[in-house]
Amino acid sequence: MKKNLLIIGIVVLAIATYFVSKSKKPEMSTTEAVTARQAKPTGTKLIDQVRDFPGLPSAKLSDQEKSSECKSALESIETLPLTTLLQDLKDGRIKLKGDCLFTSKNTVSTLNGFPEVCDARQPDGQVTTDCASKVLFYKALRIHHATINESSKGLSTEILINKLIGLLADQAFASPTGLKLMRDVGRELRERLPQSDSAAKAELIGYLADDNLPPEGKQYYEAKLDEARQQFPENWEIYEMDLIRKKSTNEKLYDDEIKKYYSQNPNSGIATYHMGCSAWNHADKVRALEFFDVAKKIAPQDKRFADTYSKATTLSPPEKVCTVQINFNPEQF
């Protein structure tokens, strides 16, 4: 991802914990969950629709999966809400077996340890947050792959958001085909949800991660990034996308933008952090460390700032220490 930049672009999925923490609802049986599919009340918030979204109307399993021990579990994962899946896991109604849960052993990093991690339980008997997160990612991946040949235009918004989660979990930005799919899903989400900064980021991320955009793609990305910066001036991640653009175009543009933003926001953690990144890029380790130290004190909840400071104490320019994080918060879709 933009390998020529000193700032490393990364995508962080800050999504599973939210879904898990909000999923403590009255128990719903598998039968009730299937019935509830048809009873979505009007006026329900989109985030609740996504969280309670059962999945596909019917499972789409391969012949190999249909004949495996995981057939029942896979059907449940594709067609039941997360809350029901977690309850069924807790009660032992779903059995996850690693030797048949995947048709390929090439799993993605977000699924490391899955499904074995789901054998553990919290003190109250519930499945662990780690298990719930991985079930969410796996469900999203399966929904994405089951609809991979369908036009984004014909899919529900809930499926599109699941596809986005699946694409990010699958590190789709590492391949041209994946990037194209991300752009298709992102554009459709942005069109449907014009007031959502998460939808704006979803539209932009497939362009940000592509080092080989044709001229028309670059023009589209430039225009949409300018639009998003104007619409969401307080969004850190969209601001950082703009910084990456400026740095790839002209080092001075990048430095000037950082200094301007810092002069306007001297108590901002992100402004201070990027002042440190700029100093680091100019081989001024001492000054960079000072900025990184201040940034982590301003925003101690941002692990990235502390991690960068720690790395910078042991490394020296031109080693890379700065990162750009693109988070997707379901609450903002």
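All of the points below concern the structure found in this document.

**What about the pattern of salt bridges?**
When the charged atoms of two side chains lie near each other, side chains of opposite charge can form a pair.
(1) Moving on: Inspection of the entire model under this criterion finds 29 salt bridges.
(2) Moving on: A salt bridge links Glu203 to Arg190; the shortest N-O distance between them is 3.7 Å. One end of the pair, Glu203, is in helix H11 (residues 197-208); the other, Arg190, is in helix H10 (residues 176-192), and 13 residues separate them in sequence.
(3) Moving on: What makes Glu203 buried here is its relative accessible area of 3%.

**Thoughts on the nonpolar core**
(1) Moving on: By size, the foremost hydrophobic cluster in this structure holds 66 residues, and its most contacted members are Leu89, Leu96, Phe114, Val135 and Leu189.
(2) Moving on: No other element matches helix H8 (residues 129-146), which puts ten residues into this core.
(3) Moving on: Not counting chain neighbours up to four residues away, the residues in contact with Leu89 comprise Ile94, Leu96, Cys118, Arg121, Val127, Cys131 and Val135.
(4) Moving on: Grouped together as the second largest cluster of nonpolar side chains are 22 residues, Ile270, Trp280, Leu289 and Phe291 included.

**What to know about the packing of helix H15 (residues 269-281) against helix H17 (residues 303-314)**
(1) Moving on: Across the interface, H15 lies against H17 with an axial gap of 11 Å and an inter-helix angle of 25 degrees. The angle between H15 and H17 places the two elements in the roughly parallel class. Of the two possible hands of crossing, H15 and H17 adopt the one that is left-handed. Touching Gly269, Ile270, Tyr273 and Trp280 of H15 are Arg304, Phe305, Thr308 and Ala312, all from H17.
(2) Moving on: Each residue belonging to the contact of H15 with H17 can be placed in one class, and the counts come to five nonpolar, two polar and one charged.

**Thoughts on the packing of H15 against helix H16 (residues 285-298)**
(1) Moving on: Contact geometry for H15 and H16: axes closest at 8 Å, N-to-C directions at 165 degrees. What the angle tells us is that H15 and H16 run roughly antiparallel. For the pair H15 and H16, the sense of crossing is left-handed. Here Gly269, Thr272, Tyr273, Met275, Gly276, Cys277, Ala279 and Trp280 of H15 lie close against H16, whose contacting residues are Lys285, Arg287, Ala288, Phe291, Phe292, Val294, Ala295 and Ile298.
(2) Moving on: Residue classes in the contact of H15 with H16 are distributed as eleven nonpolar, three polar and two charged.

**Focus on the packing of aromatic side chains**
(1) Moving on: A full pass over the atoms with the stated rule returns eight aromatic pairs.
(2) Moving on: Aromatic pair Tyr239 and Tyr261: ring centres 4.2 Å apart, planes at 25 degrees, arrangement stacked. Within this pair, whereas Tyr239 is found in helix H13 (residues 236-249), its partner Tyr261 is found in helix H14 (residues 251-264), the two being separated by 22 residues in sequence. Neither residue differs from the other here; Tyr239 and Tyr261 are each classed as buried.
(3) Moving on: With a centroid separation of 5.8 Å and 85 degrees between ring planes, the pair formed by Tyr262 and Phe291 is classed as edge-to-face. Here Tyr262 is found in helix H14, whereas its partner Phe291 is found in helix H16, with 29 residues between them in sequence.
(4) Moving on: Among the residues examined, Tyr262 registers a relative accessible area of 24% and is labelled partly exposed.
(5) Moving on: Using a relative accessible area of 10% as the deciding quantity, one classes Phe291 as buried.
(6) Moving on: Each member of the aromatic cluster is reached from another via a ring pair, and the members are Trp236, Tyr273, Phe292 and Phe305.

**Details of the state of the cysteines**
Note on terminology: disulfide describes a covalent bond linking the sulfur atoms of two cysteines.
(1) Moving on: Tallying each qualifying case throughout the model produces three disulfides.
(2) Moving on: Between the sulfur atoms of Cys70 and its disulfide mate Cys100 the distance is 2.1 Å. Its S-S torsion of about 75 degrees marks the bond between Cys70 and Cys100 as right-handed, since a negative value means left-handed. Highlighted residues: Cys70 in the loop between helix H4 (63-66) and helix H5 (71-79) and Cys100 in helix H7 (residues 98-101), separated in sequence by 30 residues.

So, how was this worked out
Residues numbered from 1 in each chain as written. Predicted model: local features only at pLDDT ≥ 70, side-chain atom pairs only at ≥ 80, totals over all residues. Heavy atoms only, no water. Salt bridge = Lys/Arg side-chain N within 4 Å of Asp/Glu carboxyl O. Helix = DSSP H or I, 4+ residues; strand = E, 2+ residues; numbered from the N terminus. Buried < 20%, exposed > 50% of the residue type's maximum accessible area, 1.4 Å probe, protein only. Core = buried A, V, L, I, M, F, W, Y, C linked by side-chain atoms within 4.5 Å. Contact = heavy atoms within 4.5 Å. Axes fitted to C-alpha atoms, helices over the stretch in contact; angles between N-to-C directions. Parallel < 35°, antiparallel > 145°, perpendicular 65-115°, else oblique. Left-handed = near helix turned anticlockwise from the far one by under 90°. Nonpolar A, V, L, I, M, F, W, Y, C, P; charged D, E, K, R; others polar. Phe/Tyr/Trp six-rings, centres within 6.5 Å; stacked < 30°, edge-to-face > 60°. Disulfide = S-S within 2.5 Å.

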